[in-house]
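# Observations on the model geometry
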Amino acid sequence: MHDGPGPAKAWGGVFSVPTDRRMEAFSESVSYDCRLAEDDIAGSTAHAQMLAACGIISAAEAESIVATLAEIGREIAEGRFPFSTAREDIHLNIEAVLTERIGDAGRKLHTARSRNDQVATDLRLFCRRAIDRLDAGLTELQRSFLDLAERERDLVIPAYTHLRRAQPVLAAHQLLGWCEKFDRDRERLADCRKRVNRLPLGSAALAGSSLPIDRQHVATALGFDSVMANSLDAASDRDFVCELAFAIALAGVHLSQWAEEWILYSSEEFGFLLLPENFCTGSSIMPQKINPDALELSRGKSARLVGNLQALLVLLKGLPTAYNRDLQEDKEPIFDSIDTLEAVLGIAVPLVAGTRFNRDRITAGINRGHLDATSLMEALIAEGVPQRTAHETVGKLVRTAMDRGVSLSDLSDEECTSASSAFTPAVREALGPDRAVARMQSYGSTAPAQVAHQLTRWKEKLADEGASSG
Ligand code: ARG
């Protein structure tokens, strides 16, 4: 980025001395807000066309502006644009080059506009595009989980609470649980998008304009759902940035939880999952290591998503009404959140697709931990035993089994019937992890029929979404 002798400032008229170079370096944002170029050009194009439609500039002037902006857009995309930090930000960089090329028509572009409403508009367009990409990434991830769930639809695995063996579930049930979380993340993004998609442009610096502009014209051209109603609020509102940072942070926390779980499940100690080796890395000293770094980094990167959200909230808390330069500090955190979540999704999708369950190892250990105790308790309840009594009865049987180092199903009929007269052969049918799963029936449970229903629902939902977005 060029930082040579500074060109005349767009705001230079009132100043009697040039800006100190240290101040230029401190206040520039073009080194990162150059990422808004595409959106800045879209916003300026719509603005120029509106100015012409309202008779504020001529049609020929608008045409020249629009054509030159398109040319500048191509140069930026190809890395041929002469960015200058002395020109502060993306807005002034583009406008200065535009004016160098077309003269007075370029000097008219900023009519009835301020960088305050301009940057707010650009950032909304940028966030809107990001939301659509993140939604597509989360959908891809849901598809990967769904595919794995379908491949493993009959496998029974232990599920944990407090990281202690709790009850048996179908692997598919657990995998679809992740689809639910990512679906809520997508809902939050879609909800946030509604508030992103409102037009601030035309608020000018803070008070609006005395020129006869048509804000709805711009909103329609840029695909905004509505025009923001208060110029003071519109030029400075960054709620949408916080909302997006939150939606991203929570998605990142979900991905971190998933990563933590799979780090455990793929460890030698659990041995449930076989991660794809091409997404693992080794150790430079221990030759045997195959490490789950993709998962660890996914877990680790969630930290900065939470930090970015915090930075944005703290940035806003002290600001009085309307634009304050502090707001320039909104960009790096939200850019980083978007980039980071995209990067994690980009690795999570192929990682899930390449992961296999170690069925032999899971099945060999499925009888450990008395996963069927709750099933047995519910069978006693079905015979009319009060829940508290059934709980205590089964608790004592578990203690007996633990003392003897056996499973509940290894206990004799006498041991069971002496614990409770409600013990019939039918009650003992509830024992065994497979049977415990098969006996489930409530909506949303791990019952095979319920899981089959959910697999179908997800298949239909994700196929529809593929059709509508593609
Ligand atoms: N680069 C600035 C930002 O990102 C643009 C708006 C500057 N406005 C101003 N009055 N200095 O916030």
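These numbers come from a predicted model, not from an experiment.

### Description of the overall build of the protein chain
When helices and strands are tallied, the protein chain shows 20 helices and six strands. The principal-axis extent of the C-alpha atoms belonging to the protein chain is close to 100 × 55 × 40 Å. Sequence separation of 24 or more characterises 75% of the internal contacts of the protein chain that already satisfy a separation of 6 or more. Of the roughly 22,200 Å² of accessible surface on the protein chain, a fraction of 53% belongs to carbon and sulfur atoms. Positive and negative side-chain charges of the protein chain, numbering 52 and 67 respectively, have mean locations separated by a distance of 1 Å.

### Side note on the side chain of Glu-88
Structurally, Glu-88 can be placed in the loop between α4 (59-77) and α5 (90-102). Of the residues examined, Glu-88 reaches a relative accessible area of 7% and is grouped as buried. Among the polar contacts made by the side chain of Glu-88, one reaches the side chain of Trp-11 at a distance of 3.2 Å.

### Remarks on the site of the ligand
Taken together, Ser-29, Asp-33, Asp-89, His-91, Arg-115, Asn-116, Val-119, Tyr-323, Gln-328 and Lys-331 are the residues near the ligand. The separation between a nitrogen atom of the ligand and a polar side-chain atom of Asp-89 is 3.0 Å. Between Lys-331 and the ligand, the recorded distance is 2.6 Å, taken from a side-chain N or O atom to an oxygen atom. Taken by itself the ligand offers 340 Å² of open surface, and the protein chains cover 86% of this. A total of three residues in the shell around the ligand trace back to one element, the largest contributor, which is helix α7 (residues 115-151). Of the residues belonging to the shell around the ligand, the class tally is two nonpolar, four polar and four charged.

### Quick word on helix α15 (residues 373-382)
Among the residues making up α15, those that are buried are Ala-373, Ser-375, Leu-376, Met-377, Ala-379 and Leu-380. Of the surrounding elements, those touching the buried residues of α15 are α16 (387-404), α18 (425-428) and α19 (433-438). One or two steps after α15, the chain reaches Gly-384, where phi turns positive at roughly 105°.

### Things to note about the packing of α7 against helix α8 (residues 171-196)
Orientation of α7 relative to α8, taken along the N-to-C sense of each, is 165°, at an axis distance of 9 Å. Considering the angle they form, α7 stands roughly antiparallel to α8. Considering the relative orientation of α7 and α8, their crossing is left-handed. Classifying every residue of the contact of α7 with α8 gives 18 nonpolar, two polar and nine charged.

### Concerning unusual backbone geometry
Negative phi is the rule for most residues except glycine; trans is the rule for most peptide bonds. Positive phi outside glycine occurs at Ala-112, with the angle close to 55°. Even without glycine at this site, Leu-163 takes up a positive phi of about 55°. Among the structural elements, Leu-163 can be located in the loop between β1 (156-161) and β2 (164-170). By relative accessible area, Leu-163 is classed as partly exposed at 47%.

### Digging into the nonpolar core
A general tendency of soluble globular proteins is for nonpolar side chains to be buried together. Residues Phe-145, Trp-258 and Trp-262 are the most contacted members of the largest nonpolar core, which totals 105 residues. In contact with Trp-262, not counting residues within four places along its chain, are Phe-145, Leu-148, Leu-175, Leu-273, Leu-275, Leu-295, Leu-351, Val-352 and Thr-355. Leu-408, Cys-416, Val-427 and Leu-431 belong to the second-largest nonpolar core, a separate cluster that totals 19 residues.

### Brief notes about the environment of Asp-403
Examined against the element boundaries, Asp-403 turns out to sit in helix α16. Residues Asp-403 and Cys-179 lie 224 residues apart in sequence; the distance between their C-alpha atoms is 40 Å.

### Overview of empty space enclosed by the protein
Applying the stated criterion across every chain yields a total of two cavities of 30 Å³ or more. Of the volumes computed, that of the largest cavity is approximately 50 Å³. Ile-366, Asn-367, His-370, Leu-371, Asp-372, Ser-407, Leu-408, Ser-409 and Pro-433 are the residues that line the largest cavity. Class assignment for the residues of the lining of the largest cavity results in four nonpolar, four polar and one charged. Here the second largest cavity is characterised by a volume of approximately 30 Å³. Looking at the second largest cavity, the residues that line it are Asp-40, Gly-43, Ser-44, Arg-113, Gln-118, Thr-121, Asp-122 and Leu-201.

### Let's talk about the packing of helix α11 (residues 239-265) against helix α13 (residues 331-353)
Packing of α11 against α13 brings their axes to within 10 Å, and their N-to-C directions diverge by 30°. As far as their axial angle goes, α13 and α11 are roughly parallel. In terms of crossing hand, the pair formed by α11 and α13 is left-handed. Taken together, the residues of α13 that come into contact with α11 (itself represented by Val-241, Leu-244, Ala-245, Ile-248, Ala-251, Gly-252, Leu-255, Trp-258 and Trp-262) are Ile-334, Ser-337, Ile-338, Leu-341, Val-344, Leu-345, Ala-348, Leu-351 and Val-352. Looking at side-chain class alone, the contact of α11 with α13 contains 16 nonpolar, two polar and no charged residues.

### Considering the packing of aromatic side chains
Here the structure, examined in full by the defined rule, presents 13 aromatic pairs. Seen in terms of ring centroids, Phe-145 and Trp-262 are 6.0 Å apart; in terms of plane orientation they differ by 65°. Their pairing is edge-to-face. Here Phe-145, found in helix α7, pairs with Trp-262, found in helix α11; they are 117 residues apart in sequence, far enough to count as distant. Per residue, the accessibility class of Phe-145 equals that of Trp-262, and both read buried. Taking NZ or CZ as reference, Arg-128 lies 5.4 Å from the ring centre of Phe-224, over its face. Directly above the aromatic system of Trp-178 lies the positively charged group of Lys-181, at a separation of 5.9 Å from the ring centroid.

Calculation criteria
Every chain's residues receive numbers from 1 upward, in the order its sequence appears when written. Owing to the predicted nature of the model, reporting of local features is limited to residues with pLDDT of at least 70; listing and counting of side-chain atom pairs is limited to 80 or more, with chain, interface and lining totals taken over all residues. To obtain the side-chain values, all non-hydrogen atoms of the structure were included, while hydrogens and water were left out. Only DSSP runs of H or I with at least four residues qualify as helices, and only runs of E with at least two residues qualify as strands; both kinds are numbered from the N terminus onward. For this analysis, residues touch if any pair of their heavy atoms sits within 4.5 Å. Per-residue and other accessible areas were derived by the Shrake-Rupley procedure at a 1.4 Å probe size, with only the shown protein chains allowed to occlude residues. Residues scored as positive are Lys and Arg, those scored as negative are Asp and Glu, and His as well as the terminal groups of each chain are ignored. Charge positions come from single atoms, namely NZ of Lys, CZ of Arg, CG of Asp or CD of Glu. Each residue is assigned to one of three classes by its accessible area relative to the maximum for its type, calculated with a 1.4 Å probe on protein chains only: buried under 20%, partly exposed between the two thresholds, exposed over 50%. Polar contacts, as used here, are pairs of N or O atoms within 3.5 Å; protein pairs need one atom able to donate a hydrogen and one able to accept it. Residues neighboring in sequence count only if both atoms are side-chain atoms. Nearness is judged by heavy atoms alone; a residue qualifies as near a molecule or strand once a single heavy atom is within 4 Å of it. Each residue is assigned to one class: nonpolar for Ala, Val, Leu, Ile, Met, Phe, Trp, Tyr, Cys and Pro, charged for Asp, Glu, Lys and Arg, and polar for all the others, Gly among them. All axes are obtained by fitting lines to C-alpha atoms, using only the stretch in contact for helices, and the reported angles, taken between N-to-C directions, cover 0 to 180 degrees. Here roughly perpendicular refers to angles of 65 to 115 degrees, roughly parallel to angles under 35, roughly antiparallel to angles over 145, and oblique to all remaining angles. In this scheme, a crossing is called left-handed if the near helix is turned counterclockwise away from the far one by less than a right angle; it is called right-handed if the turn is clockwise. For this analysis, a nonpolar core means a set of buried residues of the types Ala, Val, Leu, Ile, Met, Phe, Trp, Tyr and Cys, connected via side-chain atoms within 4.5 Å. Method remark: on a 1 Å grid restricted to protein atoms, a set of points is classed as a cavity if a 1.4 Å probe fits but cannot get out and as a pocket if it is open with protein on both sides within 12 Å along at least five of seven lines; lining residues have an atom within 4 Å of a point. Grid points are joined across faces, edges and corners, and a volume is the space filled by probe spheres set on the points. The pairing test for Phe, Tyr and Trp rings, Trp by its six-membered ring, is centres within 6.5 Å, and the orientation test on the planes gives stacked under 30 degrees, edge-to-face over 60, and tilted for anything in between. Criterion for a charge above a ring: Lys NZ or Arg CZ within 6 Å of the ring centre, and within 35 degrees of the ring normal.

Structural measurements only, silent on function.
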